[in-house]
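Here are the chains, one letter per residue:
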Amino acid sequence: MLPLTFVVIVAAAVVGYATEEADTNSSSGGGRSSFGKSGEAGQDPQDQDPAATAPADDGNAYTPRRTEQNARVGAVFEKDDSGDHFCTASVVQSPGRNMLITAAHCAFDSDGKTPVNDLVFAPDYRDGDEPTGLWKVKKVILDDRWAKSNDEDLDVAFLVLDKKKGKEIQDVLGGNTLGIDRGYDNEVKITGYPTSRDTPISCQNRTTKFSDTQLRIRCTDFEGGTSGSPWLADYDPKSHTGTVIGVLGGHKGGGDEDDVSFAAYFDDDIAALYKRAQDED
């Protein structure tokens, strides 16, 4: 199948496709269950290295500079920023200009069998500083098969945000495109927010094939809190746009080793989920 990059509109939804969604303005119960590389509240602070501000050798994490590209990635909190951030998300283009992509296990309470209803997003979060403030998630959209069985090949969720000061998040920060069927060998940059740190980390390396439905990468120090981190390919400084070809998650919730991570392969199922998220926006 030829590579296909989704910019705004994608193909019609696959027949038989099912999703689970929640309007987070409702009063249904919140809460979440730790899974994979999502962080846990109360984790002891750890060494704040890596401290470099320039890209390290491939596969080694570094602290990225504040740039337009990096500002589209942020920390995910529950309710507000008074607790620990536990996952990562990033802005992806949509007609409503208000959408994030992350891992499904970041946005679903496996104990309560319901999407988490009180998530907030802090783009470009560093040491408590939030340049554009907190953005409230109003709807979580994920595949019903993930909700029923935690299918690792469907560990992707789209989050629809409320406006802030009359603007949508894409109006403020721009957004990246979504890449479907991009193959298994891609040079990507991953940026995420370990719960043990107050600054993000980034890593650049090539993806490899773990299975027909999973990507694998070697990147150091991607521990709890980095679930949902975007795997960004082909960033174009002229158009200020890259392509998200995966999010950290999938196999074992992203992996059980800090230095090896996974992502569900973006295939027709993810394309259909993206289309459904736009339709339900």
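Above this text sits the structure in question.
This text gives an overview of the structure that appears in the document.

Reading the values: rules and limits
- Residues numbered from 1 in each chain as written.
- Predicted model: local features only at pLDDT ≥ 70, side-chain atom pairs only at ≥ 80, totals over all residues.
- Heavy atoms only, no water.
- Pairing = 2+ DSSP bridges.
- Helix = DSSP H or I, 4+ residues; strand = E, 2+ residues; numbered from the N terminus.
- Buried < 20%, exposed > 50% of the residue type's maximum accessible area, 1.4 Å probe, protein only.
- Lys, Arg positive; Asp, Glu negative; His and termini not counted.
- Salt bridge = Lys/Arg side-chain N within 4 Å of Asp/Glu carboxyl O.
- Contact = heavy atoms within 4.5 Å.
- Disulfide = S-S within 2.5 Å.
- Axes fitted to C-alpha atoms, helices over the stretch in contact; angles between N-to-C directions.
- Phe/Tyr/Trp six-rings, centres within 6.5 Å; stacked < 30°, edge-to-face > 60°.

Looking at the pairing of strand β14 (residues 208-211)
As judged from the 3 bridges shared by β14 and strand β15 (residues 214-218), these two strands associate in the antiparallel manner. Each bridged residue has a counterpart across the sheet, and for Lys209 the counterpart in β15 is Leu215. Linkage of β14 to β15, two consecutive antiparallel strands, is achieved through a turn of 2 residues.

Some details on the side chain of Glu168
Looking at the element boundaries, Glu168 is found in the loop between β10 (157-161) and α2 (169-173). Despite its burial, Glu168 pairs with no opposite charge, the nearest such side chain being Lys163 at 4.2 Å. Contact partners of Glu168, with chain neighbours within four places excluded, come to Gly96, Arg97, Asn98, Trp135, Leu161 and Lys163.

Focus on the pattern of salt bridges
Going through the model one piece at a time under the given rule, you end up with 14 salt bridges. Arg145 is the partner of Asp143 in a salt bridge, and the nearest nitrogen-oxygen pair spans 2.9 Å. The class of Asp143 is buried, set by a relative accessible area of 1%. What makes Arg145 partly exposed here is its relative accessible area of 35%. Counted as one network, the salt bridges with shared partners bring together Arg66, Asp124, Arg126 and Asp129.

Some remarks on the state of the cysteines
Summed over the entire model, instances satisfying the criterion amount to 2 disulfides. Put simply, Cys203 and Cys219 are joined by a disulfide, and their sulfur atoms are 2.1 Å apart. Its S-S torsion of about -85° marks the bond between Cys203 and Cys219 as left-handed, since a negative value means left-handed. Note that Cys203 is positioned in strand β13 (residues 201-206) and Cys219 in the loop between β15 and β16 (230-236), a separation of 16 residues in sequence. For the pair Cys203 and Cys219, a shared accessibility class is recorded, and that class is buried. In the protein, the cysteines engaged in disulfides, taken in order along the sequence, are linked 1-2, 3-4.

Structural notes on the sheet that holds β14
Across the sheet, which stays open at both edges, the 3 strands sit in the order β14-β15-β18 with antiparallel pairing between neighbours. Each edge of the sheet is formed by a strand with only one pairing partner; in this case those strands are β14 and β18 (260-264). Across the sheet, the mean angle from the axis of one strand to that of its neighbour is 35°, orientation sign disregarded.

Focus on the environment of Lys252
In this structure, Lys252 sits in the loop between β17 (241-247) and β18. C-alpha of Lys252 to C-alpha of Ala263: the two residues are 11 residues apart in sequence and 9.7 Å apart in space.

A word on unusual backbone geometry
A positive phi angle is found at Arg97, which is not glycine, with a value near 60°. The topology assignment puts Arg97 in the loop between β4 (87-92) and β5 (99-102). Using a relative accessible area of 34% as the deciding quantity, one classes Arg97 as partly exposed. Of note, the phi angle at Asp124 is positive, near 60°, even though the residue is not glycine.

Quick word on the packing of aromatic side chains
Aromatic ring pairs are reported here in terms of the distance separating the ring centres and the angle at which the planes meet. With the rule as written, the count across this model stands at 5 aromatic pairs. Residues Tyr184 and Tyr265 carry aromatic rings whose centres are separated by 4.8 Å and whose planes lie at 25° to one another, so their mutual orientation is stacked. Taken together, the residues span a long stretch of sequence, with Tyr184 in the loop between β11 (177-180) and β12 (187-192) and Tyr265 in the loop between β18 and α3 (268-280) at a distance of 81 residues. Owing to a relative accessible area of 23%, Tyr184 belongs among the partly exposed residues under this scheme. Ring pairing ties together the aromatic residues Phe77, Tyr125 and Tyr193, which thus form one cluster.

Shape descriptors only; they carry no functional weight alone.
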